[in-house]
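Close look at the chain arrangement
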Amino acid sequence: MRAVVLVAIVAAIGNLLQGWDNATIAGAVLYIKREFNLQSQPTIEGLIVAMSLIGATVITTFSGHVSDWLGRRPMLIISSVLYFISGMVMLWSPNVYVLLVARLLDGFGIGLSVTLIPVYISETAPPEIRGLLNTLPQFTGSLGMFLSYCMVFGMSLIDSPSWRLMLGVLSIPSIIYFLLAVFFLPESPRWLVSKGKMKEAKQVLQRLRGREDVSGEMALLLEGLDVGGETSIEEYIIGPDNDLTDNQEHVVEKDHIKLYGAEEGLSWIAKPVARHSALSLVSRQGSMANQSVPLMDPMVTLFGSVHEKLPEMGSMRSMLFSNFGSMFNVADQQVKNEHWDEESLQRDGEHADDGSGAESDDNLRSPLLSPQATNAEKDNAGEQVSSMGIGGGWQLAYKKDEKNSGALKRIYLHQEGGPGSRRGSIISLSGDVPTAEGEFIHAAALVSQSVLHAEDLGSQHPFGVATDRPSESAAKGPSWRDLFEPGVKHALVVGVGLQILQQFSGINGVLYYTPQILEQAGVGVLLSNIGIGSDSASFLISGLTTLLMLPSIGVAMRLMDIAGRRWLLLSTLPVLLLSLIFLVLGNVIDLGTVAHAVISTVSVIVYFCCFVMGFGPIPNILCSEIFPTRVRGLCIAICALTFWIGDIIVTYTLPSMLNSIGLAGVFGIYAIVCTIAWFFVFLKVPETKGMPLEVITEFFAVGAKQTASTVKN
């Protein structure tokens, strides 16, 4: 996975430039104000800082639709060009009006970067490390701020600091970003599939995944183009071809699904059962643990039914199919008349499971589609099917649609959890299934109509043939009408809600107040005693504050795919709330100068560290995950527009709020927003760690349907 990690790092340079610019203008504005005598023109001074926000808001309005039409990569290249041009114009700026135009261009680059980089990373990353890679923009943004503060601090120590040079330096890293984007970044494979460019998409996936056989993921990307289909939840017992016995009365002896393993001769049969898996029960009734929670969104419990049953799924282990080799080491009894060519045997030798069943095996080292999965067979029930691993413990399988001749049903399979099934023992269904160790797997399934057709599946390498041809969904393109599909509307509520609450949770207010707090703590006096002026001291303090964020973001990167997004939000929001409460108390109660300085300083540091672990990166991560491929650009633009509008409102209402209700009142409002945010996350925001993007959108569709039925009842 080295290629996909490097691609994510290069893409995240756009956020480094954004952080660099934010910190640079904060320092340069002090010198701009003096040169142009803006002390008596606060409106112009405010516009210099705000013009980038205005530019970002304007460009975001168009970015989603244009990125769906033009592609993700070209938009990132355009953002690097805008960064470069704005830097050169700021370096030249003969007057304040030219500077305002340059700041507007800079805002265009920022808007494109902030909106599209999370989308690009999500669409290229595998499910198991998607959260880690999507936290990189937060890390590089903070790193850019730190490096910029260091530069501004160093330049402030000279006799006549040049604000033009401070701002113009942006052009240097933007050139590097441009060259890397042009010569190294590939286009998003999901966007390529959405435009019917199957050959290019396959080549990109082969490069990113480091293997030739990517038919499984290609099929998954094709399925992800569908919006608004009907999805049902079923359940299966999966076992060797000949090991499902006749005394299992609850098993329906039809609709067999052939599954192909990672070793030659291994194959299994999946049979529908009449019982209800945990996933199925949740879809019908809601989780037993959450039935007593008022207003709990059924979608949250639907997602939770997967993660609660598999607490280690976030550790990049395939829980369902990575251990099939050890669970079904009975291949000699069930080898069929498989047809193996020399090439497939060679690939089998390279990618096959070692049969040890060790828990360290994970999807990062396993092929998404094993060589055996490229051969379709007729099973005992006469149905032509095939299956493939798609990451995160999920398996994509196909079967013929009995009601519609020539159509296919796609099946997303996931193991029902429990210690027994992890070791390979069967999940007992009311006691009438044998509990023999190492024989069967109990799996829940999301079943819906496939975009592929039965005639697409030939006898030789079926998915390789089917996925080389564009689907009908690719020709449709994005449509505003798709935004009104229940699953998409449901996801928009989550995405827009998170963006609003993030902006009003206090980050801008705390950033605004930080220099004053640290000045009260005596840091400024200490620095002045060693010969550092007030301006330089302010830059140094801001740089050190930013530096403290980096280790916290590193922790978040480690936990994002293990503990999960939802857990990080629910864990860090109470800490944000407590930090704000302490800031309120410190400004209401006279604790003495020393005590006030200590409490305020600690509260600010804790707030920053927890914010960048949770509420900083996660809203953008979730927004890049929860929308279908065909409308992802449109939806992410709506969420990003909400972000920028909220940013502008908070930034420009803060001074008037400080004058009217004081610092304690402002932080009190932020504390209330953090409380509301915690309940919103608890009731409405699902856990998406380790799940393929296409499965996430399928869950939203099912959850929206369940929510609608709950409201009717």
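In the annotation of an unreviewed UniProt entry, the protein is listed under the name Monosaccharide-sensing protein 2 and assigned to Forsythia ovata. Under the UniProt heading Subcellular location (unreviewed entry), the note attached to the protein is "Vacuole membrane".

1. Comments concerning the overall build of the protein
On a plain count of helices and strands, the protein comes out with 29 helices and 8 strands. Classification of the 713 residues of the protein by burial places 61% in the buried group. Across the protein, the fraction of contacts at a sequence separation of at least 24, relative to all contacts at a separation of at least 6, is 80%. For the protein, the accessible surface area stands at approximately 27,100 Å², while carbon and sulfur atoms represent 62% of it.

2. Observations regarding the pairing of strand β8 (residues 441-453)
Taken across its 13 residues, β8 has 11 buried, putting it largely inside the fold. Across 8 bridges, strand β7 (residues 407-415) lies against β8 in antiparallel orientation. Opposite Gln 415, over in β8, you have Ala 443 as the bridge partner.

3. So, the packing of helix α4 (residues 72-92) against helix α5 (residues 96-124)
In a packed pair of helices, the relevant descriptors are the angle between the two axes and the axis-to-axis distance. Direction vectors running N to C along α4 and α5 enclose 155°, while the axes themselves pass 8 Å from each other. As the angle between them shows, α4 and α5 are arranged roughly antiparallel. Seen along the crossing, α4 lies across α5 with a hand that is left-handed.

4. Description of the environment of Leu 396
If you trace the backbone, Leu 396 turns up in strand β6 (residues 394-400). With a relative accessible area of 0%, Leu 396 lands in the buried category. When the C-alpha positions of Leu 396 and Arg 410 are compared, they lie 7.0 Å apart, and in sequence the two are 14 residues distant.

5. Looking at helix α21 (residues 486-503)
Between its terminal C-alpha atoms α21 stretches 26 Å, which fits the 26 Å expected from 18 residues at 1.5 Å a residue. Of all 18 residues in α21, 13 are buried, a share of seventy percent or more.

6. Observations regarding helix α7 (residues 136-156)
In this model α7 runs 30 Å from its N-terminal to its C-terminal C-alpha over 21 residues, within 8% of the 30 Å that 1.5 Å per residue would give. For α7, the tally of buried residues reaches 16 of 21 residues, placing the bulk of the element in the interior.

7. Remarks on the packing of aromatic side chains
Using the criterion set out here, one finds 10 aromatic pairs in the structure. Residues Phe 667 and Tyr 670 carry aromatic rings whose centres are separated by 6.2 Å and whose planes lie at 55° to one another, so their mutual orientation is tilted. Here Phe 667 and its partner Tyr 670 are both found in helix α28 (residues 632-684), 3 residues apart, which amounts to about one turn of the helix. Residue class for Phe 667 comes out buried when judged on its relative accessible area of 1%. With a centroid separation of 5.2 Å and an interplanar angle of 85°, the aromatic rings of Trp 678 and Phe 679 are classed as edge-to-face. Note on Trp 678: relative accessible area 25%, which makes it partly exposed. We classify Phe 679 as partly exposed; its relative accessible area is 47%. Linked through ring pairs, Phe 303, Trp 394, Phe 699 and Phe 700 together constitute an aromatic cluster. Across the ring face of Phe 184, the terminal group of Arg 207 is positioned such that the distance to the ring centre comes to 5.0 Å.

8. Some thoughts on the pairing of β7
With respect to burial, β7 is a largely interior element, 8 of its 9 residues being buried. Here β6 pairs with β7 via 7 bridges, running antiparallel. When the sheet's bridge partners are listed, Lys 399 is paired in β7 with Lys 409. Where β6 folds back on β7, the antiparallel hairpin that results is connected by 6 residues, among which Gly 406 adopts a positive phi of roughly 90°.

9. Observations regarding the confidence of the model for the protein
Here the protein averages 77 in pLDDT, while 72% of its residues score no lower than 70. Across the protein, the secondary-structure element scoring lowest on mean pLDDT is helix α15 (residues 324-327), at 31, and the one scoring highest is helix α9 (residues 171-183), at 97. The low-confidence segment residues 458-462 (pLDDT under 50) makes 16 contacts with residues lying over four places distant or belonging to another chain.

10. Some details on the pattern of salt bridges
Two side chains bearing opposite charge may form a pair once their charged atoms approach each other closely. One pass over the structure, following the stated rule, counts 15 salt bridges. Arg 103 is the salt-bridge partner of Asp 21, the closest N and O atoms lying 2.8 Å from each other. Here the residue Asp 21 occupies a position in helix α2 (residues 13-35), and Arg 103 occupies one in helix α5, the gap between them amounting to 82 residues. When sorted by exposure, Asp 21 lands in the same class as Arg 103, which is buried. With its nearest N and O atoms 2.7 Å apart, the salt bridge here joins Glu 123 to Arg 632. A residue pair is termed long-range when its members are at least 10 positions apart, and Glu 123 in helix α5 and Arg 632 in helix α28 qualify at 509 residues. An identical accessibility class is assigned to Glu 123 and Arg 632; each is buried. What emerges from the salt-bridge pattern is a single network uniting Asp 68, Arg 72, Glu 123 and Arg 632.

11. Here we look at the side chain of Thr 24
Of note, Thr 24 is situated in helix α2. Note on Thr 24: relative accessible area 2%, which makes it buried. Each residue touching Thr 24, except ones within four places of it in the same chain, is listed here: Ser 148, Met 151, Val 152, Met 166 and Leu 167.

12. Quick word on the packing of helix α24 (residues 534-559) against helix α26 (residues 593-613)
Orientation of α24 relative to α26, taken along the N-to-C sense of each, is 40°, at an axis distance of 8 Å. Here α24 lies oblique to α26, going by the angle between them. When the axes of α24 and α26 are compared, the crossing they make is right-handed. From α24, Thr 545, Leu 548, Met 549, Ser 552, Ile 553, Val 555 and Ala 556 reach across to α26, where they touch Ile 605, Phe 608, Cys 609, Val 612 and Met 613. Residues of the contact of α24 with α26, tallied by class, amount to 10 nonpolar, 2 polar and no charged.

13. With respect to unusual backbone geometry
Peptide bonds are trans in most cases, and residues, glycine excluded, mostly fall at negative phi. Even without being a glycine, Asn 37 presents a positive backbone phi close to 55°. Structurally, Asn 37 can be placed in the loop between α2 and α3 (42-70). Its relative accessible area of 52% is what places Asn 37 among the exposed residues.

14. Details of the nonpolar core
Ile 32, Trp 394, Leu 498, Leu 580, Phe 615, Phe 667 and Phe 699 are the most contacted members of the largest nonpolar core, which has 160 residues in total. With 19 residues, the single largest contributor to this core is α28. Tyr 236, Ile 238, Ile 441 and Ala 443 belong to the second largest nonpolar core, which has 10 residues in total.

15. Some remarks on the environment of Met 218
Secondary-structure assignment places Met 218 in helix α12 (residues 215-223). A relative accessible area of 0% means that Met 218 is categorised as buried. Each C-alpha atom, one on Met 218 and one on Arg 190, is 8.8 Å from the other, the two residues being 28 residues apart in sequence.

16. What about the environment of Asn 620?
Mapped onto the fold, Asn 620 is located in helix α27 (residues 618-623). Overall, Asn 620 belongs to the partly exposed group, its relative accessible area being 22%. Separated by 506 residues in sequence, Asn 620 and Val 114 have C-alpha atoms that sit 8.7 Å apart. Excluding residues that lie within four positions of it along the chain, Asn 620 makes contacts with Pro 118 and Gln 499.

What counts as what
- Residues numbered from 1 in each chain as written.
- Predicted model: local features only at pLDDT ≥ 70, side-chain atom pairs only at ≥ 80, totals over all residues.
- Heavy atoms only, no water.
- UniProt positions renumbered as here; feature names shortened; annotations may be inferred.
- Helix = DSSP H or I, 4+ residues; strand = E, 2+ residues; numbered from the N terminus.
- Buried < 20%, exposed > 50% of the residue type's maximum accessible area, 1.4 Å probe, protein only.
- Contact = heavy atoms within 4.5 Å.
- Areas by Shrake-Rupley, 256 points an atom, 1.4 Å probe, with all protein chains shown as cover.
- Pairing = 2+ DSSP bridges.
- Axes fitted to C-alpha atoms, helices over the stretch in contact; angles between N-to-C directions.
- Parallel < 35°, antiparallel > 145°, perpendicular 65-115°, else oblique.
- Left-handed = near helix turned anticlockwise from the far one by under 90°.
- Expected span 1.5 Å × (residues − 1).
- Phe/Tyr/Trp six-rings, centres within 6.5 Å; stacked < 30°, edge-to-face > 60°.
- Lys NZ or Arg CZ within 6 Å of the ring centre and 35° of its normal.
- pLDDT = per-residue confidence, 0-100.
- Salt bridge = Lys/Arg side-chain N within 4 Å of Asp/Glu carboxyl O.
- Nonpolar A, V, L, I, M, F, W, Y, C, P; charged D, E, K, R; others polar.
- Core = buried A, V, L, I, M, F, W, Y, C linked by side-chain atoms within 4.5 Å.

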